[in-house]
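Below are the chains, spelled out letter by letter.
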Amino acid sequence: MDGLITFSAFFILLLNAICVYRLVKGPTVFDRAIGVSLISNNAVIMIVIIGFIFDRVDMFFDIALAYALLNFILAITLGKYFERRGKQS
């Protein structure tokens, strides 16, 4: 079981590297916003995996849930900002 958790953690870190590439090289602001959102989603998964490693899933799940809510609020805020910015042009 520990090998599976370790493999999952390394795989998610690999996915984060791909998202960082999209964040840095994204041709548009939307690509960069998606990159930030994906990195945040992967961070939520990593927090839960860390909870499994330390056998404190209940505590780390609460932290991951709060972080996921912040990520959701960020996505909604960015959407509203880009919607209003498009109407002004």
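Residue positions are counted from 1 within each chain, in the order its sequence is given. Totals for whole chains, interfaces and linings use every residue, but because this is a predicted model, local features are given only for residues with pLDDT of at least 70 and side-chain atom pairs only at 80 or more, for both listing and counting. Excluded from the side-chain calculations are hydrogens and water; all other atoms, namely the structure's heavy atoms, are used.

(A) Structural detail: the overall build of the protein. A tally of helices and strands in the protein yields 3 helices and 0 strands. Every radius of gyration here is taken over C-alpha atoms, with the globule rule written as 2.2 Å times N^0.38, N being the number of residues. Relative to its length of 89 residues, the protein is extended, with a C-alpha radius of gyration of 16 Å against a globular reference of 12 Å. Over its C-alpha atoms, taken along the principal directions, the protein stretches across nearly 55 × 25 × 10 Å. Only protein chains enter the calculation, and the probe is 1.4 Å; a residue is then buried if its accessible area is under 20% of its type maximum, exposed if over 50%, and partly exposed in between. With 89 residues in all, the protein has 21% of them scored as buried. A contact between two residues is defined here by any heavy atoms of the two lying within 4.5 Å. Sequence-distant contacts, at least 24 apart, represent 47% of the contacts inside the protein between residues at least 6 apart. Secondary structure follows DSSP: runs of H or I at least 4 residues long count as helices, runs of E at least 2 residues long count as strands, and numbering of each begins at the N terminus.

(B) Structural context of the pattern of salt bridges. Note on definitions: salt bridges are taken to be side-chain nitrogens of Lys or Arg within 4 Å of carboxyl oxygens of Asp or Glu. Taken as a whole and assessed by the stated rule, the structure comprises 2 salt bridges. Ionic pairing is found between arginine 22 and aspartate 31, a salt bridge with its closest N-O pair at 3.9 Å. Owing to a relative accessible area of 33%, arginine 22 belongs among the partly exposed residues under this scheme. A salt bridge links arginine 56 to aspartate 58, with the nearest nitrogen and oxygen atoms 3.7 Å apart. With relative accessibility at 39%, the residue arginine 56 sits in the partly exposed group. You can call aspartate 58 exposed: its relative accessible area is 51%.

Honestly, it's all geometry; don't read function into it.
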